[in-house]
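Residue strings, one per chain:
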Amino acid sequence: MKLKLSIFLFVVSNIFFGQEKQILKNIKIVYSHSLMKDVFLNDYTLIIKDSIAQYNSNREKQKKEINGNTFEIGADIFINNLNLNTNLYKEQRKLESSTLVNSEWFNETKWEITNETKFISGYKAIKATTESYELKKDNPYYQGKAIVWFTMEIPISAGPARYGGLPGLILEIEYEKGNSKYRLKSIVLDTSESLKDINDGKKIIKSDILYWR
């Protein structure tokens, strides 16, 4: 999993001379997402092309029978682009009616970076927290803080879902009150995958695209 030498070849190491480092290019990151303590498992992708980080959530509606109990989750289908230069998010979401909606907003996530560290897939990761956004705070199932682990060994300010803006790639996310977790599954350099076009859709505001199903 650890690709330090290969990643180094993608980076201009002039930061010590006051020059800006280049963005890592043509990278595919796969996250495994666990919901309800592994009852539902799905993989999501993050593609880095030049200055764009594109996250693709393609979860269809799912139902499972376990020990005579029925568990069901709704669809969550959206694609967003994070411009790593401007910090602008652009997202296209597919509603249950199959209607496409579209929104843009600047990333204003407020992070608290801690001194806690651990290793994830060979990378030294640093713990940070922020308020989760997936549910409104007045929702009884609000998940509280999002607890993330990011690595400065991969200097990409992005991660799964709509979490970004840290000085390194997010490798893992879990929640203070929820049972949802994102874990790094794989990193592929020199991917040939292209970014998807997300320009279609009715223009709406950020809060609507987050909570409107």
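Residues numbered from 1 in each chain as written. Predicted model: local features only at pLDDT ≥ 70, side-chain atom pairs only at ≥ 80, totals over all residues. Heavy atoms only, no water.

Another point: the packing of aromatic side chains. To describe a pair of aromatic rings, you give the distance between the ring centres and the angle between the ring planes. Applying the stated criterion to the full structure yields six aromatic pairs. Look at Tyr44 and Tyr55: their rings are 6.0 Å apart centre to centre, the planes differ by 65°, and that puts the pair in the edge-to-face class. Linking Tyr44 in strand β2 (residues 40–49) with Tyr55 in strand β3 (residues 52–59), this pair joins segments that are 11 residues apart in sequence. In terms of burial, Tyr44 and Tyr55 fall into one category: buried. Residues Tyr55 and Phe78 carry aromatic rings whose centres are separated by 6.0 Å and whose planes lie at 40° to one another, so their mutual orientation is tilted. In this pair, Tyr55 sits in strand β3 while Phe78 sits in strand β6 (residues 76–83), placing the two residues 23 residues apart along the sequence. Residue Tyr55 is classed as buried on the basis of its relative accessible area, which comes to 1%. (Phe/Tyr/Trp six-rings, centres within 6.5 Å; stacked < 30°, edge-to-face > 60°. Helix = DSSP H or I, 4+ residues; strand = E, 2+ residues; numbered from the N terminus. Buried < 20%, exposed > 50% of the residue type's maximum accessible area, 1.4 Å probe, protein only.)

Okay, the layout of surface pockets next. Put simply, the largest pocket is a space of about 700 Å³. What lines the largest pocket is a set of 30 residues, and nearest its centre among them are Leu35, Arg59, Glu134, Leu135 and Gln143. If you list the elements that add at least two residues to the lining of the largest pocket, you get β1 (27–35), β3, β5 (69–73), β6, β13 (180–189) and α2 (206–211). Sorting elements by how many residues they give to the lining of the largest pocket places β3 first, with three residues. For the lining of the largest pocket, the class distribution of residues is 15 nonpolar, seven polar and eight charged. (1 Å grid on protein atoms, 1.4 Å probe; cavity = no way out; pocket = protein on both sides within 12 Å on 5 of 7 lines; lining within 4 Å. Points joined across faces, edges and corners; volume = space filled by probe spheres on them. Nonpolar A, V, L, I, M, F, W, Y, C, P; charged D, E, K, R; others polar.)

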